[in-house]
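Letter by letter, the chains look like this.
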Amino acid sequence: MVNLDKYSSIFIANWKLNGNSSFLKDYYEKLKVNSNNCTIICSPSIYLKSLKGNNENLFCGAQDVSSYKEGAYTGELSASMLKDNNIDFCLVGHSERRQYFAETNDNVNIKSSNLIEENIIPVICIGETLEQKEKNLTEEILSTQIKYSVPNLANHQNALIAYEPVWAIGTGLTASPEQAQEMHKFIRQKFTEKFSESISSNLSIIYGGSVKPSSAKNIFNQPDVDGGLIGGASLNANDFSDIINSI
Ligand code: 13P
């Protein structure tokens, strides 16, 4: 398992359903990683083995994994298959999977456990929708997601949490640095309650939602924000490099 303790921040590119072979070649020629930070590229699965360069701080991540371990489940990829292909990280419970593929907290919990058992670090995504935020349900939603999505065997060394307010994803509306800090602090408190102070204080909680090079520094300088999960801006290698190198 990747040793997260040696990094001050963690930055993840989530390419979603984007990219092709020529995009990849150009991307890895331009990408500039930073040895203080752990950088992870979550490409579509078919390109996972195309990661270029020998940088020891640059890793591959999958965007999803099956909740099944093996068997007659057409189209699925298991955690052990990801491990067999040297994949070190995997997004789980992204809001797009919860919204478009009916993924539940229970699914996320099982997938995360399967990944941890294979020494792959799940990046467990949580966040509230605009409607939930407007009804003042943010804390309740985050508490429920933490309670049911995060498996009991998770800790600061084998799992990562990504706070992605759904209203900020792909909308151009970023949480303000103060809003992000407040929610990350709340999430950390919930981890203290569910696990322990030593796990929660060392847990990496990263922020995602319309982060751009211009907004990166102020968000990632917040004390409880340990890095970012970047969608749109990660498709441009120069912009993603600027974000990684913003702190
Ligand atoms: P955007 O950065 O495009 O808002 O996407 C965030 C995201 O969903 C990353 O997983």
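Preceding block: the structure.
Described in the following lines is the structure provided in the data block. Predicted model, so just to flag it, every value in this text is computed and none were measured.

1. Brief notes about the sheet that holds strand β6 (residues 160–163)
(1) Moving on: With parallel pairing, eight strands are arranged side by side around a closed barrel as β1-β2-β3-β4-β5-β6-β7-β8. Sheet twist, expressed as the average angle between the axes of neighbouring strands with direction ignored, equals 25 degrees.
(2) Moving on: Direction of pairing for strand β5 (residues 121–126) relative to β6: parallel, over a ladder of four bridges. Bridging from a neighbouring strand, Val123 pairs with Leu160 of β6.
(3) Moving on: Of the strands in this sheet, β1 (9–14), β2 (37–42) and β8 (227–230) touch helix α10 (residues 237–244), which is tilted by about 160 degrees from β1.

2. Considerations on the packing of helix α6 (residues 138–149) against helix α7 (residues 177–194)
What describes two packed helices is the angle between their axes and the distance between those same axes.
(1) Moving on: One way to put it is that α6 packs onto α7 with a least axis distance of 10 Å and a crossing angle of 40 degrees. By the angle class used here, α6 and α7 are oblique. The way α6 lies across α7 gives a crossing that is right-handed. Here Thr138, Glu139, Leu142, Ser143, Ile146 and Lys147 of α6 come into contact with α7, specifically with Met183, Phe186, Ile187, Lys190, Phe191 and Lys194.
(2) Moving on: Classifying every residue of the contact of α6 with α7 gives six nonpolar, two polar and four charged.

3. Examining the site of the ligand
(1) Moving on: In the neighbourhood of the ligand, 13 residues make up the surrounding shell, with Lys16, His94, Gly170, Ser210 and Gly232 lying closest.
(2) Moving on: The separation between an oxygen atom of the ligand and a polar side-chain atom of Glu164 is 3.0 Å.
(3) Moving on: Gly231 is positioned with one of its backbone polar atoms (N or O) 3.0 Å from an oxygen atom of the ligand.
(4) Moving on: A total of 310 Å² of accessible area belongs to the ligand in isolation, and the protein chains cover 96% of it.
(5) Moving on: Of the residues contributing to the shell around the ligand, the split by class is four nonpolar, seven polar and two charged.

4. A few points about the pattern of salt bridges
(1) Moving on: This model, assessed by the stated rule, comprises 13 salt bridges.
(2) Moving on: Of the charged contacts, one joins Lys111 and Asp64 as a salt bridge, the two residues approaching to 2.9 Å between their closest N and O atoms. Of the two residues, Lys111 is situated in helix α4 (residues 105–117) and Asp64 in the loop between β3 (58–62) and α2 (79–84); the sequence distance between them amounts to 47 residues. For the pair formed by Lys111 and Asp64, the shared burial category is buried.
(3) Moving on: Two residues, Glu193 and Lys190, come together in a salt bridge whose shortest N-O distance is 3.0 Å. With Glu193 and Lys190 both in helix α7 and three residues apart, this pair spans about one turn of that helix.
(4) Moving on: If you follow the salt bridges from partner to partner, you end up with Asp64, Arg97, Glu103 and Lys111 in one network.

Reading guide: rules and limits
- All chains use their own residue numbering, which begins from 1 and follows the written sequence.
- For a predicted model such as this one, the threshold for reporting local features is a pLDDT of at least 70, and the threshold for listing and counting side-chain atom pairs is 80 or more; totals across whole chains, interfaces and linings nevertheless cover every residue.
- Only hydrogens and water are removed before side-chain values are computed, so all heavy atoms of the structure are retained for them.
- By definition, two strands form a pair when at least two bridges between them are found by DSSP.
- Elements are defined by DSSP. Helices are runs of H or I of four residues or more, strands are runs of E of two residues or more, and each kind is numbered from the N terminus.
- In this analysis an axis means a line fitted to C-alpha atoms, helices contributing only their contacting stretch, and an angle means the value between N-to-C directions, from 0 to 180 degrees.
- The contact rule is simple, with two residues in contact once any of their heavy atoms fall within 4.5 Å.
- Should an angle fall under 35 degrees it is called roughly parallel, over 145 degrees roughly antiparallel, and 65 to 115 degrees roughly perpendicular, with every other angle called oblique.
- Handedness of each helix crossing follows the sense of rotation of the near helix against the far helix: counterclockwise by less than a right angle gives left-handed, clockwise gives right-handed.
- When residues are sorted by character, Ala, Val, Leu, Ile, Met, Phe, Trp, Tyr, Cys and Pro go into the nonpolar class, Asp, Glu, Lys and Arg into the charged class, and all the rest, Gly among them, into the polar class.
- A molecule or strand has a residue near it when one of that residue's heavy atoms lies within 4 Å.
- Nitrogen and oxygen atoms within 3.5 Å of one another constitute a polar contact, given that in protein one can donate a hydrogen and the other can accept it, and given that sequence-neighbouring residues count only through two side-chain atoms.
- The protein chains shown are the only cover counted for residues, whose accessible areas, like all others here, come from Shrake-Rupley with a 1.4 Å probe.
- Throughout this description, the term salt bridge denotes a Lys or Arg side-chain nitrogen within 4 Å of a carboxyl oxygen of Asp or Glu.
- Only protein chains enter the area calculation, which uses a 1.4 Å probe; residues under 20% of their type maximum are buried, those over 50% are exposed, and those in between are partly exposed.

By themselves, these figures tell us nothing about what the structure is for.
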